Every structure is written in structure tokens, then in C-alpha cells.
Amino acid sequence: MSRFTSRAMDASSRFSRGLPSALISVATGLIAAVVALLRATVPTFAGQGPHPDGDRYLCQLGTDAVEPVLKDAPRYWDFALFEWQHTGSPPASPCIPYPSSQIWVLRALEWFSSAISGRPGTLDFHWLVIANALLIGLIVGLFASAANRASLAVRLLGSALMLLILSDPVFASYAAGPMGEYVGLVGVALVGVGTVYYSTFGRQWWGVLLVGAGGWLVVTSKVQMITLLVPLAAMLLWIPISSRRGRRRRRSVTGAFTGRIIGAALVVVFVASAGWMLSNNPKEFQQINPWELISVGILGPSHTPAQDLEEMGFPAEMAKYAGKTAGDEGSVMHTPEWREYGDRMNYGTVARFLLAHPDRVWPLLNTGAYDFFVAQPTYMGANEPGHGPKKQPAFSLIAAVGKAINGLHFFVVGGALAFTLGALARRRSQRGSPAWGFANAAVLMAAFTVVQFITAVFGEAIENTKHLVFAILSSTLVVPFIAVSLLQPTGKLDGDGASGEDAPADGAVASEEGRAADTEP
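Criteria and cut-off values
- Each chain has its residues counted from 1, running along the sequence as written.
- Local features in this predicted model are restricted to residues whose pLDDT is 70 or higher, and side-chain atom pairs enter the listing and the counts only when it is 80 or higher, whereas totals over whole chains, interfaces and linings include all residues.
- Only hydrogens and water are set aside when side-chain values are computed; all heavy atoms of the structure are taken into account.
- Helix and strand assignments follow DSSP, with helices taken as H or I runs no shorter than four residues and strands as E runs no shorter than two, numbered in order from the N terminus.
- Working definition: with a 1.4 Å probe on protein chains only, accessible area under 20% of the residue-type maximum means buried, over 50% means exposed, and in between means partly exposed.
- Pairs of residues are marked as contacts when any of their non-hydrogen atoms sit within 4.5 Å.
- What sets the accessible areas is the Shrake-Rupley method with a 1.4 Å probe; for residues, cover comes only from the shown protein chains.
- Salt bridges are identified by distance alone: a Lys or Arg side-chain nitrogen within 4 Å of an Asp or Glu carboxyl oxygen.
- Lines fitted to C-alpha atoms define the axes, with helix axes restricted to the stretch in contact, and inter-axis angles between N-to-C directions lie between 0 and 180 degrees.
- Convention used here: angles under 35 degrees read as roughly parallel, angles over 145 as roughly antiparallel, angles from 65 to 115 as roughly perpendicular, and any remaining angle as oblique.
- Under the scheme applied, nonpolar residues are Ala, Val, Leu, Ile, Met, Phe, Trp, Tyr, Cys and Pro; charged residues are Asp, Glu, Lys and Arg; polar residues are all the others, including Gly.
- One less than the residue count of a helix, multiplied by 1.5 Å, gives the span that helix is expected to have.

1. With respect to the overall build of the protein chain
At step 1: Counting secondary structure elements, the protein chain contains 22 helices and five strands.
At step 2: Expressed as a percentage of its 521 residues, the buried residues of the protein chain come to 52%.
At step 3: The long-range share in the protein chain, meaning contacts at least 24 apart out of those at least 6 apart in sequence, stands at 77%.
At step 4: When the accessible surface of the protein chain is split by element, carbon and sulfur atoms take 64% of a total near 23,500 Å².

2. Things to note about the pattern of salt bridges
Think of it this way: side chains of opposite charge can pair up when their charged atoms draw near.
At step 1: Scanning the model with the defined rule gives five salt bridges in all.
At step 2: Of the charged contacts in the structure, one is a salt bridge between K222 and E181, with a shortest N-O distance of 2.7 Å. Of this pair, K222 sits in the loop between α8 (204–221) and α9 (229–238) while E181 is found in helix α7 (residues 181–199), placing the two residues 41 residues apart along the sequence.
At step 3: Taking the relative accessible area as the measure of exposure, K222 reaches 12% and is therefore buried.
At step 4: Residue classification places E181 among the buried positions, given a relative accessible area of 0%.

3. Let's talk about the packing of helix α5 (residues 152–166) against helix α21 (residues 469–486)
At step 1: Where α5 contacts α21, the axes come no closer than 9 Å and their chain directions differ by 175°. Accordingly, the angle class assigned to the pair α5 and α21 is roughly antiparallel. From α5, V154, G158, L161, M162, I165 and L166 reach across to α21, where they touch L473, T476, L477, V479, P480 and V484.
At step 2: Class assignment of the residues belonging to the contact of α5 with α21 gives a composition of ten nonpolar, two polar and no charged.

4. Considering α21
At step 1: With 18 residues, α21 ought to run about 26 Å at 1.5 Å a step, and its terminal C-alpha atoms sit 27 Å apart, in line with that.
At step 2: Counting buried positions along α21 gives 14 out of 18 residues, so the element sits mostly inside the fold.

Listed below in C-alpha cells is the structure:
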């Protein structure tokens, strides 16, 4: 038999093995998209009641005001308002814009909605809900494809868990509004699945694409998400892009450097994007957020607010603002004290006080842990006017679980368990295998959870559940990643990405370990 014929038969064999797997992944993604769409639209479209922060995104779409089509409906909190339009009139208040990649989503939605309806200046969030369902199907399909070493039952189980999480109204409802959280949630999901590909030899360039897109959405969604650069950069710089098979072994120092060039380049892009976000962050919020951490987070539960204020360099008379946000009626924001003591309303003041009073840290952590498990505030999962009672959320399994387990001890134990299982899954898996990739994704999602928990708790200390939504999503994604990692073979794929033998020959193992060592420190 000729070498050409032999290779052709091998290719045919690989194709026959890979085709069913590809079909399973595609079918899984399509079914997931349909289920996600039904969950978001039956018996009626369910979304998110508008939040005042949404105006800071909408006001960037033009010089005129953008208002709900339903003029008589409550503007905030109560009902989901899907249809908005440009009025042609000046806005009632000046625009204080939030920097966010969500603006590009809103502009695309405006263009599409206007083209479909024939009414220029229209935003119809029904279309974004539909697009989000399709995106969920794509992510679930990518997850199923990454898990092709696992049995059919494990692939379907993991995919079902991903679908259950991503289509939950705690997260999916953000597609029905202008908030920047939406692109951040999409980014976290893409980074999670992308990490599996980035860690799996033979699929790493797909991982570069997914982690690059997801990471950019994460960093540019909201300023609070910039802290995720730390675990994301650590992952990108720790895991090298492996050389192709058959190439000569490189010196270990050279291999360790060149294998991480792509990861380092992504980090540079993310850092530059974060710099743009910080430089465009409104100056008003550079003062508002630390003050709300002081007034609500520290002074709210304090028995001696006047004494605490004096220690931080504020007059004792400002104790009357304890527990009030900057937006509350009668807050300090519209008083002379706001300008006179504004230079002290910063995180440095907070850090010095908490270092001197470490006991004040625990109330912040306890409140944050409680809010972490109360995963559905009243303005999420709301009905459209005329389609059900106001503030009536759709059923959320995540919210139901959060009501059953709550408190800082659950958060600490759950976090420790996630990191422990992730480390065990990494240790039992061969480097470069899909099982190793899923384990890496689980560890990264656990790290995302901790970093965003700290960011939300010590960043503003109000509306913790909204600010913790990224940590909540990351924590839930740990479950399918860990499960699929532990329930599949631990070996690598062969050179063409098809499933290899579970127990390769010693020579093959030694060769693979040698190649891995070339790119590992």
C-alpha cells in the first residue's frame, strides 16, 4: 500500500470518528439556542426593569434624549421596557457617560431595530434577547466540542449545566436593557470556554481567539472589571502556546519565552484597553464610589459614625449622612462639604481606616456574602407592562439555590472547595489534554469569583448583588468545568485533534512530556 493511500485511509478514519462528534456539538448548540430562546420569551418576553445607570449608556447614542416608547410606564425598577426611541428633544440632565463596549452593542441594536421597523432612532431590545439566545447556543456548542473526549452522557450533562446557567434570568435578563453588565457577562462565558481551548494542545489558536474576544469584552464592559486582568494575565502568561509536533526541541529558556509571546500580546491589548477605560471614567464617580463605601459600608453599621468620620479627617457633623448613598434625597452630594472634603473621599482614606480597624472589614464581607447569594434583585427578571405584576421575576434556579445557602461561611467553604477540586483535576490530568483545559477554566473562574467579590465589596458597598453579578456567574461556571474535567479521560488529543488512546505508550508519553518541558519554565 502506498504512503499516499495509507494517509488517505487514516484521514478517512479520523473523519468518520470526528463527524459524529461535530454533529453532536452542532446539534447541542442549536438545541441550546432554542431552549434559551423559549426560556426568555415564553409565555412572554422577560427582561430587566431599567436602572438609572442605564441612562449613562443611552445618552451616548446622540445629543437628544432616548426615552421608552411606553410613556406612562414607570421609568425605573418596576417593569421591563423593551422599546426605546430618540425624541429629538434635549435630555433633561447632562450626560455623564460610562466608558463601555456596550455602547457598540447599543449602536448596532439601534441600526438593526431602525432598519427592521422602518423608524429611525429606534432601539428594540426584543432583538437583543433573541441574539443573546443564539449566542448562548454558540457558547454551549463550543463547550460540547471542547468536551469531545468525554462520553456522550458527560458532554450532554456539562452542556445542560452551561445552558441552565447562561439562560438563567439572573444573567440573561441583562440582554433586555442597556446596562454594561451584559457584555461583561458574555465576556466571562467566552473566557471560560476559551480557556479550555487555550489549554488544549492542538486547539490553542481557537483559544487565543475566544480568550482574546472574551477578555476584551470583560475589560471594556465596566471599570470594576479591570481587576480581572490579574487572574486573566496570570493564566495567559502561565500556559504557553505549544509548538507543533515534529519540530526540533528548543532550548528550555527560548521555548518558555516564545511559547508565551501570544499570551503576553493579549495582556498588552487588555492593559491598553483598561487604560482607556480608566482615563475615560467620569471624575464624578471617582469621588462618589469611595464616599459610598465610607457612608454606607463603614458608617452605616457603625455605632460611632461621628468618631469614625473625625478619624478619617471629616467633620463630625457629616454623621447625618451615614448610611445614605450619593443619590439619596438629602445626601452630601449637593452640599458645600462635597466640594470642601472631596479630596478625602478616596480609597486611600478607606484603606488607612480599615488597616487601623480590621474589625470593620468583617461587616463588609458578611454583607457582601449575603448579597452574593441573593442573586435576584427586584429589578431583574421583570415583566413588560400589561404582561404580569411589576417586579415579578421569572423563575431562577440560581436565586432558589442562593436562598437555601447563605452567609460568609458558605462563600469561604465553596471557594475553598472550588480551588481544591480544580487543583486536583489539574494534577490528575496530562498537560495539554482537554481534561487539563477544563480544570484550568474552573480554577480561573474561581479566581474571577474571588477577585470580583473583593472588588464589589470594597469598591462601593451598595447594590452589591448587581455589582457581584460577574462573581456569581463565574462561581456557577466552576461546576460544569470541574464536572467535565473529572469525568473524562486525562490524556491528550492526537496531532489532528482526534481522540487519542487513554494510555499511550511510554515513548509517546516521554516525547510529549519532553515537548511540554521545552515550553514550561
